[in-house]
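# Residue-level structural notes
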There are 2 protein chains.
Amino acid sequence: MDKLILIGEKAKKASYLMSNVSSITKDNALEAIANALTKNEAEILKANEIDLQNARAKGISGALLDRLTLSKERILSIAQGVLQIKSLPDPIGEVISMWKRPNNLTIGQKRVPLGVIGIIYEARPNVTVDAAALCLKAGNAVVLRGGSEAIHSNTRIVEIMQMAVAEAGLPEESIQLIEDTSRETAVEMMKLNKYIDVLIPRGGAGLIQTVVKNSTVPVIETGVGNCHIYVDGECDQQMAEKIVINAKTSRPGVCNAAETLLVDRKIAQQFLPKVLNSLQKLNVEIRGCEEVQKIFSDTIPALEEDWYREYLDYIIAVKVVSDIDEAINHIHQYGTKHSEAIVTTSYDKAQKFLQQVDAAAVYVNASTRFTDGFEFGFGAEIGISTQKLHARGPMGLKELTSIKYIIYGDGQVR
Amino acid sequence: MDKLILIGEKAKKASYLMSNVSSITKDNALEAIANALTKNEAEILKANEIDLQNARAKGISGALLDRLTLSKERILSIAQGVLQIKSLPDPIGEVISMWKRPNNLTIGQKRVPLGVIGIIYEARPNVTVDAAALCLKAGNAVVLRGGSEAIHSNTRIVEIMQMAVAEAGLPEESIQLIEDTSRETAVEMMKLNKYIDVLIPRGGAGLIQTVVKNSTVPVIETGVGNCHIYVDGECDQQMAEKIVINAKTSRPGVCNAAETLLVDRKIAQQFLPKVLNSLQKLNVEIRGCEEVQKIFSDTIPALEEDWYREYLDYIIAVKVVSDIDEAINHIHQYGTKHSEAIVTTSYDKAQKFLQQVDAAAVYVNASTRFTDGFEFGFGAEIGISTQKLHARGPMGLKELTSIKYIIYGDGQVR
């Protein structure tokens, strides 16, 4: 039998068991995972070293190599993340509502696991543990397909996790890794509708688009953020400057970082020189529209494509707009519906922006950097959804669940 | 410019307006639609007559022709359906929860429209109105793509609805029909991720599978129901017979009708002759496993494929099982996760069935025929979701919405 189908069948079978285990058993399994990871850190580091050697031989360096790298400290922090997930309340089993119909049927809407969750991700071995732990806590079986660069680390980590969950009384097939990292196998995985209930890609825009294009399994699209800050003509300019600098420079490589600054013409002459100067001092490259170029000489002319870019870098696109309507239209045309912010002292404009901007998270007078499961108080995050179906914005444990209707009758027919 | 992209752009633009209009305006538009349909019934019937003539010329008859057929009474009933949707509460704008973070950020989760909903359906002109009215009430723009057989009826109906909504002050592009009913255009529609937020197919299994396979736009899979009734050894056999007969024969052509009867071996000898005799009197063909064949002579041997079939007809597959576990395993192997019922007097087995069966609606002692938006009390229904993402089971207005986070700050940075 096809190897992937075998994995799918095992996962589906495990998911039925997983949906019925107690919170205590799941928590014991998570604790067992955390302990096993630290206990076996030498083995994990050995496997990771093989991946690192192969990566260096392929010329991989910089941020990519850093993401692939494990250390004693990183393994400890990964294990602590598992214990943090353990400490969260179990989302499963909650009856969200229950009502009685005129014919005396009692209908309840109950939170249940999604079933089998597929995760496709890049060369970050921490995702292997993180995703598995979140799926397990929400009662799901998980099929992991990580990047080829991390295959030795991932294989060892998954073996360790499987032994740990088995000791705690859960099926080891509740966590499985696809060891064949070929593109063909990934595409085959995306068509496993019979076994996989949801596919969540975690990684760059290229990976996500490949999954969206090829998958017949329902997908939760995550991550791409072309986020804007609109600085209104009526605002506290000091606050605006602080927010722009934070949103752009506190961590430029993440999806909730700002990429474009829109400034109301009424204050452009006054506000732009200050903020652009501060940004430049922080090594941010300025790409601006013609008006910006006139106001701030050290501006690179922005091309049409700049308004679409998610730089994930020390670069910002800057545009002067006539009013809030032009700002909102610009956001709708070029944005990715991730996180958008207005800085204003006007009640009307704050309300208008909150109401009209179509994005997962819309801010008044705060940095877009807060779009994050931990910052929102969810205690965990599997990613940030930029689609509107099922989940939008930061996804915590609840977003890894579905519902079913349970109906109590006493002989009703229609 | 490509015609479909133009439709998509107009729909997206209209959706931004739609998400901001008041409930009163939407309700006025729905009332205008209902009035316009009855006022223009002669024109609609004339267009429908062309479709009917073409259909007859193509040799279409029976149930298909009946579904295509409009009449004065049917138009009135369609218009009344619109007024019924009008009378439901507006789901949009509800702030589901709002909380404050330690840094004083206030985060609210607000119900918003999905945006642009695409509906792909077959030759049922009533769906044109029904789907448009539901989408409108939930603040969405809709792009309709109906079957070629109903094109004249659909074109006229949509024109009438567009005039009505425009009079009420809504953009007429909030309801659009794709007049080109070619397969190529349908496939192109399924890739319009930039403009269409969700695609809902309504129709037979073939249509739904085509959409699931070809669409890169997120899909809500609806409808296919291979529903089971498991009659437990401990049960009220009279109740069981009543439920089986209702689930199979009250309307065999719909997705919540039962297709397979599973009977506990302990009562098979006693229960099966009675119930199968009653079913046969109602013209139901019996296809059974070997044990059933021995108990009830007039049984056609069931083939493996029979357990997978959604007959939508006066046929039932019947199997004797050893216990509830075999029943649940059978349901998981062959079922479509739609509606499943147990008939039992045992508390433990009722609880076990509710807990373990993985389906949108799980019943104790009631007919599967209740899986329906109206029967559940939602006041409307756009379809029954058999997937686990976003919506599961009967979908009402709430399932045509998404959420967004609105965040009130006073200068917070991270």
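Analysis parameters
Residues numbered from 1 in each chain as written. Chains lettered and ligands numbered in written order. Predicted model: local features only at pLDDT ≥ 70, side-chain atom pairs only at ≥ 80, totals over all residues. Helix = DSSP H or I, 4+ residues; strand = E, 2+ residues; numbered from the N terminus. Rg over C-alpha atoms; globule rule 2.2 N^0.38 Å. Contact = placed C-beta atoms within 7 Å. Least-squares fit on C-alpha atoms with pLDDT ≥ 70 in both. Domains from an automatic or database assignment. Nonpolar A, V, L, I, M, F, W, Y, C, P; charged D, E, K, R; others polar. pLDDT = per-residue confidence, 0-100. Buried ≥ 20, exposed ≤ 12 C-beta atoms within 10 Å, placed from the backbone. Pairing = 2+ DSSP bridges. Right-handed = clockwise from strand over helix to strand, strands pointing away. Axes fitted to C-alpha atoms, helices over the stretch in contact; angles between N-to-C directions.

### Quick notes on the overall build of chain A
- Summing up its helical and strand segments, chain A has 14 helices and 16 strands in all.
- Taking 22 Å as the expected radius of gyration for a compact globule of 414 residues, we find that chain A reaches 24 Å, a close match to that expectation.
- Overall, the C-alpha framework of chain A stretches about 70 × 70 × 35 Å when taken along its three principal axes.
- Expressed as a percentage of contacts within chain A between residues at least 6 apart in sequence, the contacts between residues at least 24 apart total 71%.

### Brief notes about the relation of the copies chain A and chain B
- Once chain A is rotated about the relating axis by 180° and shifted along it by 0.0 Å, it coincides with chain B to within an RMSD of 0.0 Å. Put plainly, the chains are arranged around a two-fold axis. Within chain A, His 390 of chain A has its C-alpha nearest the rotation axis, a separation of 1.8 Å.
- Comparing interface residues between copies, 100% of those in chain A also sit at the interface in chain B, which points to an isologous, same-surface contact.

### Overview of the domain arrangement of chain A
Residue and element names in this part refer to chain A.
- Here chain A is described as being made up of domain 1 (3-221 + 390-408) and domain 2 (227-371).
- Using C-alpha coordinates to define each centre, domain 1 is positioned 36 Å away from domain 2.
- Contact residues are listed per partner, giving four residues for domain 1 and four residues for domain 2.
- When its residues are assigned to classes, the side of domain 1 that touches domain 2 shows two nonpolar, one polar and one charged.

### Here we look at the confidence of the model for chain A
- Averaged over all residues, the pLDDT of chain A is 96; the fraction at 70 or higher stands at 100%.
- Reported confidence for the predicted complex is 0.94 by ipTM and 0.93 by pTM.

### Comments concerning the pairing of strand β13 (residues 361-366) of chain B
- In terms of burial, β13 of chain B is largely enclosed, as six of its six residues are buried.
- Where strand β16 (residues 401-412) of chain A meets β13 of chain B, five bridges bridge the pair, whose relative direction is parallel. Bridging from a neighbouring strand, Ile 407 of chain A pairs with Tyr 363 of chain B of β13 of chain B.
- Relative to β13 of chain B, strand β12 (residues 339-343) of chain B is paired through four bridges, and the arrangement is parallel. Paired with Ala 341 of chain B across the strands is Tyr 363 of chain B, a residue of β13 of chain B.
- One crossover worth recording links β12 of chain B to the parallel β13 of chain B by way of helix α14 (residues 347-356) of chain B, and it is right-handed.

### Regarding the environment of Ala 79 of chain A
Residue and element names in this part refer to chain A.
- Considering the arrangement of structural elements, one finds Ala 79 in helix α5 (residues 72-86).
- Between the C-alpha atom of Ala 79 and that of Thr 185, which follows or precedes it by 106 residues, the distance is 30 Å.
- Leaving out residues up to four positions away in the same chain, Ala 79 has contacts with Ala 34, Leu 37 and Thr 38.

### Brief notes about the interface of chain A and chain B
- Taken together, the contact between chain A and chain B spans 56 residues of the former and 56 residues of the latter.
- Looking at the side of chain A that touches chain B, the elements with two or more residues in it are α9 (205-214), α10 (237-249), α14 (347-356), β13 (361-366) and β16 of chain A.
- Considering each element in turn, the side of chain A that touches chain B owes the most residues, eleven residues, to β16 of chain A.
- Taken together, the residues of the side of chain A that touches chain B sort by class into 27 nonpolar, 18 polar and eleven charged.

### As for the sheet that holds strand β6 (residues 198-202) of chain A
All names here are of chain A.
- The parallel open sheet is built from four strands, whose spatial order is β5-β4-β3-β6. What marks the edges here is a single partner per strand, and that holds for β5 (175-177) and β6. Each strand of the sheet is rotated relative to its neighbour by a mean of 20°, with strand direction disregarded.
- Two strands pair when backbone bridges link them, and strand β4 (residues 141-145) and β5 are joined in this way by three bridges, in the parallel orientation. Following the sheet pairing, Val 143 is matched in β5 by Gln 176.
- In the packing of helix α7 (residues 151-167) onto the sheet, the strands contacted are β4 and β5, and the crossing angle to β5 comes to about 160°.
- Its contacts with the sheet place α9 against β3 (116-121) and β6, and it is angled at close to 160° to β6.

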